[in-house]
Amino acid sequence: MFYRVLKYVLLGPLLRLLFRPRIEGLENIPAEGAAIVAGNHLSFSDHFLMPAILPRRITFLAKQEYFTGPGVKGRLVAAFFRSAGQIPVDRSGGKAGENALREGLGVLGRGELLGIYPEGTRSHDGRLYKGRVGVAKMALGAQVPVIPCAMVGTFEIQPAGRVVPRIRRVTIRFGKPLEFSRFSGMDGERFVVRSVTDEIMYAILGMSGQEYVDRYATDVKAEEAKAAKAKAAKTKTKGPVSR
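Residues numbered from 1 in each chain as written. Predicted model: local features only at pLDDT ≥ 70, side-chain atom pairs only at ≥ 80, totals over all residues. Heavy atoms only, no water.

(A) Focus on helix H5 (residues 134–142). All of the buried residues along H5 are Val-135, Ala-136, Met-138, Ala-139 and Leu-140. Looking one or two residues past H5, Gln-143 carries a phi angle of roughly 55°, positive in sign. (Buried < 20%, exposed > 50% of the residue type's maximum accessible area, 1.4 Å probe, protein only. Helix = DSSP H or I, 4+ residues; strand = E, 2+ residues; numbered from the N terminus.)

Written out as structure tokens, the structure reads:
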């Protein structure tokens, strides 16, 4: 109920008015039945803009941090995501990854749309990073199509660290469904799930026009944070320059 109020009364009309999204390929979203919508992730705004323009309800696997933030703001964000029917996902790997797969397969098993960002995190620099294989495992396990989606312009309106988005027009593109029935029963094969994931990412890349980085975004972020910390420590050690 709250999802429909957000979409059709509160948030949806406001987002359409402010950002005037250009929508391309909406006919590629199936009118019914299970499917995965896999998109690039450039901005916090992505969570709201894509669902606002889809004719069907979509459930996202959202990072657990959105549900565990401190203070009043944290509780409000958590309440919003829960009310909108989004599913918290622990991204620490191992058994947590298995739980995320199980939750996603549950959504697909009910014949619904599942939204996922294969990169696993927001791009911090606007580039498209290597996809995690969970999207392929769910597509093969549930035997459902994957609709690639490209968000264009959302990095410019709200890059990581920016709280209030700039008011500019954005574009949301949906590609033709990718079908992987030829790999039925092979969701446990490492080479297969990697190949399927790469095919999905290249489809997104072709629509988004981003620069592609064949590395995981989390690894690049960690390296850059480590380098920045080392540089800060070095500068501190040198101390102020005497005149």
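(B) Molecular detail of the nonpolar core. Ile-36, Val-146, Phe-180, Val-196 and Ile-200 are the most contacted members of the largest nonpolar core, which has 28 residues in total. Of all the elements in the fold, those that place two or more residues in this core are strand S2 (35–39), strand S4 (87–89), helix H4 (95–109), strand S5 (113–116), H5 and helix H7 (190–208). With six residues, H7 is the largest single contributor of residues to this core. Filtering out sequence-adjacent residues up to four positions away, Val-196 remains in contact with Ala-136, Leu-140, Phe-180 and Phe-183. Core analysis: the second largest hydrophobic core is formed by 25 residues, Phe-60, Tyr-117, Met-151 and Ile-157 among them. (Core = buried A, V, L, I, M, F, W, Y, C linked by side-chain atoms within 4.5 Å. Contact = heavy atoms within 4.5 Å.)

(C) Just empty space enclosed by the protein, in detail. Scanning the model with the defined rule gives one cavity of 30 Å³ or more in all. Estimated volume of the largest cavity: approximately 210 Å³. In terms of lining residues, the largest cavity is bounded by 17 residues, among which Tyr-3, His-47, Phe-48, Pro-51 and Phe-80 are the most central. For the lining of the largest cavity, the secondary-structure elements that each account for two or more residues are helix H1 (2–19), helix H2 (46–53), strand S3 (58–63) and helix H3 (71–83). (1 Å grid on protein atoms, 1.4 Å probe; cavity = no way out; pocket = protein on both sides within 12 Å on 5 of 7 lines; lining within 4 Å. Points joined across faces, edges and corners; volume = space filled by probe spheres on them.)

(D) Broad picture of the layout of surface pockets. Within this model, the second largest pocket holds a volume of roughly 640 Å³. Around the second largest pocket, the lining comprises 24 residues; the ones closest to its centre are Phe-44, Phe-48, Lys-73, Gln-158 and Val-163. Secondary structure elements with two or more residues in the lining of the second largest pocket: H1 and H3. Its residues assigned to classes, the lining of the second largest pocket comprises 14 nonpolar, five polar and five charged. (Nonpolar A, V, L, I, M, F, W, Y, C, P; charged D, E, K, R; others polar.)

(E) Inspection of the packing of H5 against H7 at higher detail. Between H5 and H7, the least distance of the axes is 8 Å, while the angle of their chain directions is 105°. Taken together, the axes of H5 and H7 lie roughly perpendicular to each other. When H5 is examined against H7, the residues Val-135, Ala-136, Lys-137 and Leu-140 are found in contact with a partner set consisting of Val-192, Val-193, Val-196, Thr-197 and Ile-200. (Axes fitted to C-alpha atoms, helices over the stretch in contact; angles between N-to-C directions. Parallel < 35°, antiparallel > 145°, perpendicular 65-115°, else oblique.)

(F) Local environment of the packing of aromatic side chains. Inspection of every chain in the model, using the stated rule, returns three aromatic pairs. Judged by centre distance (5.3 Å) and plane angle (25°), the ring pair of Phe-60 and Tyr-117 falls under stacked. With Phe-60 in strand S3 and Tyr-117 in the loop between S5 and strand S6 (128–129), the pair connects residues that are 57 residues apart, well separated along the chain. The pair Phe-60 / Tyr-117 is uniform in exposure class, with both members buried. Looking at Lys-130, its charged tip hangs above the ring of Tyr-216, at a distance of 5.0 Å from the centre. Above the ring of Tyr-216, the side-chain terminus of Arg-132 is found at 3.9 Å from the ring centroid. (Phe/Tyr/Trp six-rings, centres within 6.5 Å; stacked < 30°, edge-to-face > 60°. Lys NZ or Arg CZ within 6 Å of the ring centre and 35° of its normal.)

(G) How the structure looks around unusual backbone geometry. Of note in the backbone geometry, Arg-20 takes a positive phi value of approximately 40° without being a glycine. Turning to its location among the elements, Arg-20 is positioned in the loop between H1 and strand S1 (22–24). What makes Arg-20 partly exposed here is its relative accessible area of 46%.

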